[in-house]
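Analysis of the macromolecular model
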Amino acid sequence: MNKKWGLSAAALLLTAAVILPGCGSKQEAPKEALKSAATKATTMSSYEMKSKFSINDLTIETADAESAAMTTQVLSMLKNADITIDGVYQADPMQTELTMVLNLKGDMSMSFNVPMVMTTEKLYVKIPSIPFFPIPETIVNKFVEVDLKALAEQEGAEFNPSALDTQKMQKFSNEVMDTVLAEYDEGKYFNELSPKEANLPEGVEAKQVVQFQVTNDNVKEAITIFVNNALPKIIDIVSKEEYKDMLQINDADLAKAKEEITSSETRTEFDKSLADLDKYLTINQFHYNTAINKDGFPVFQDLLMDIKVNDPEDGMNVAFSINGTGQYDKINEKPEFKIGIPQGDDVITMDQLEEQFGSVGTY
């Protein structure tokens, strides 16, 4: 797809990604509730989480017959596919465990799960048994230990533990969210939903549900606000010393990025693409819901993006619908790790992994 598709899709997704939830002890206006929530989220020192990402529709029509045949084959696996992630997080000492389950549908349907554990300096990934993929049986269900510090040294880089600082990342997200929210009009983009309207899962108790929504009527303005107003300010936030190290971004890249988005050439191209936006982009639905409990914590998030893109320049038409949810529980309670930190015979090194795959290649 061309820059038009990238402009619209990326801006919408970025806008959704920074809207984080929360609220105080009383009912607040939707916009203020979200801002309060981001602050509250930074106090989450431990939690259990469940998330799910589903592809509801993914259809690509193209004028190129050969390309269309290959695309159809790939899409048959991805359409209706979903990824679920269950996890437990603890800030101090830092320990996170996640189990990712991938379900592919269609003619080559398959399902496999990948448990992972992370500490300050180590990452452990359990090797799954994947159909049609030649993984030696001797290492299936073993955990590969990745020494993050040693890996950085091998690559000639300095180990950067702040890149794994979840609380600092929460603070960063909070600043970005505040910046973005400040640019959007509450009456146009924010709604209050009842828990029933939000279709919350069983067991989720919410005192307030806030929706951020973009429609065909306000999408041009929404993207303009994000690109012209919010994006330069986000780059300023990224430029702060405490975040540059965490994100591993240098001053030259930041300066170049800001120059590009503020240049007259970029503005002209952006304005031209935006003027024709309604000719190629249709938003069926785009919303991001946040459920807030009585203690002000975000306990459930729901993103729905259902769009169609018609690009007459290359004859490509895309229908794209995704749904993502995230649920948080047992916030700031003593975490119960189901996997623990792998050790002993359950663990192999990266060198051992490479040796096993090398031996497979000799048969």
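Our subject is the structure listed above.
Residues numbered from 1 in each chain as written. Predicted model: local features only at pLDDT ≥ 70, side-chain atom pairs only at ≥ 80, totals over all residues. Heavy atoms only, no water.

1. Quick word on the pairing of strand β11 (residues 316-329)
- Where strand β1 (residues 46-61) and β11 come together, 13 bridges link them in antiparallel fashion. Counted as the bridge partner of aspartate 57 is serine 321 from β11.
- Where strand β10 (residues 298-311) folds back on β11, the antiparallel hairpin that results is connected by four residues, among which glycine 315 adopts a positive phi of roughly 70 degrees. (Pairing = 2+ DSSP bridges. Helix = DSSP H or I, 4+ residues; strand = E, 2+ residues; numbered from the N terminus.)

2. Looking at the layout of surface pockets
- Put simply, the second largest pocket is a space of about 320 Å³.
- Surrounding the second largest pocket, 16 residues form its lining, Glu205, Asn293, Val299, Tyr328 and Asp329 being those nearest its centre.
- For the lining of the second largest pocket, the leading source of residues is β11, giving three residues.
- Grouping the amino acids of the lining of the second largest pocket by side-chain chemistry returns six nonpolar, three polar and seven charged. (1 Å grid on protein atoms, 1.4 Å probe; cavity = no way out; pocket = protein on both sides within 12 Å on 5 of 7 lines; lining within 4 Å. Points joined across faces, edges and corners; volume = space filled by probe spheres on them. Nonpolar A, V, L, I, M, F, W, Y, C, P; charged D, E, K, R; others polar.)

3. Quick look at the environment of isoleucine 292
- Looking at the element boundaries, isoleucine 292 is found in strand β9 (residues 281-292).
- For isoleucine 292, a relative accessible area of 0% corresponds to the buried category.
- Spatially, the C-alpha atom of isoleucine 292 lies 8.2 Å from that of valine 210, the residues being 82 residues apart in sequence. (Buried < 20%, exposed > 50% of the residue type's maximum accessible area, 1.4 Å probe, protein only.)

4. Some thoughts on the pairing of β10
- Along β10, 11 of the 14 residues are buried, which leaves the element largely enclosed by surrounding structure.
- Where β9 meets β10, 11 bridges bridge the pair, whose relative direction is antiparallel. Pairing of threonine 282 across the sheet is with lysine 308, part of β10.
- Relative to β11, β10 is paired through 12 bridges, and the arrangement is antiparallel. Within β11, the residue paired with asparagine 310 across the bridge is asparagine 317.

5. Side note on the nonpolar core
- Counting residues in each nonpolar core, the largest one holds 49 residues, and the members touching the most others are Tyr184, Phe190 and Leu281.
- Of all the elements, helix α7 (residues 219-238) adds the most residues to this core, at 11 residues.
- Counting residues in hydrophobic clusters, the runner-up holds 16 residues, among them Tyr47, Met49, Ala91 and Ile331. (Core = buried A, V, L, I, M, F, W, Y, C linked by side-chain atoms within 4.5 Å.)

6. Structural notes on the sheet that holds β11
- On the basis of which strands lie adjacent, the open sheet formed by 12 strands has the order β7-β8-β9-β10-β11-β1-β2-β3-β4-β5-β6-β12 and mixed pairing. At either end of the open sheet lies a strand with only one pairing partner, and these are β7 (190-193) and β12 (347-349). Strand-to-strand twist in this sheet, taken as the mean axis angle between neighbours without regard to direction, amounts to 20 degrees.
- Across the sheet, helix α2 (residues 30-41) touches β7, β8 (208-213) and β9, and the angle it forms with β7 is around 85 degrees. (Axes fitted to C-alpha atoms, helices over the stretch in contact; angles between N-to-C directions. Contact = heavy atoms within 4.5 Å.)

7. Observations regarding the pattern of salt bridges
- Following the criterion strictly, the structure yields nine salt bridges and no others.
- Of the charged contacts in the structure, one is a salt bridge between lysine 279 and aspartate 276, with a shortest N-O distance of 3.5 Å.
- Since its relative accessible area comes to 60%, lysine 279 is described here as exposed.
- The salt bridge involving lysine 294 is made with aspartate 295; its shortest N-O contact spans 3.6 Å.
- Judged by relative accessible area, lysine 294 falls into the exposed class, the value being 60%. (Salt bridge = Lys/Arg side-chain N within 4 Å of Asp/Glu carboxyl O.)

8. Concerning α2
- Along its 12 residues, α2 runs 16 Å from first to last C-alpha, staying within 8% of the 16 Å computed at 1.5 Å per residue.
- Pro30, Lys31, Ala33, Leu34, Ala37, Ala38 and Ala41 are the residues of α2 that are buried. Buried positions in α2, seen along its axis, are confined to an arc of 160 degrees and lie on one side of it. (Expected span 1.5 Å × (residues − 1). Arc of directions from axis to C-beta.)

9. Quick notes on the packing of helix α5 (residues 166-183) against α7
- Where α5 meets α7, the closest approach of the two axes is 9 Å, and the angle between their N-to-C directions is 155 degrees. Here α5 lies roughly antiparallel to α7, going by the angle between them. The crossing of α5 and α7 is right-handed. Contact residues: α5 offers Phe172, Glu175, Val176, Thr179, Val180 and Glu183, while α7 offers Ile225, Phe226, Asn229, Ala230, Lys233, Ile234, Ile237 and Val238.
- Residue composition of the contact of α5 with α7, by class: nine nonpolar, two polar and three charged. (Parallel < 35°, antiparallel > 145°, perpendicular 65-115°, else oblique. Left-handed = near helix turned anticlockwise from the far one by under 90°.)

Limitation: the analysis is restricted to geometry and does not speak to function.
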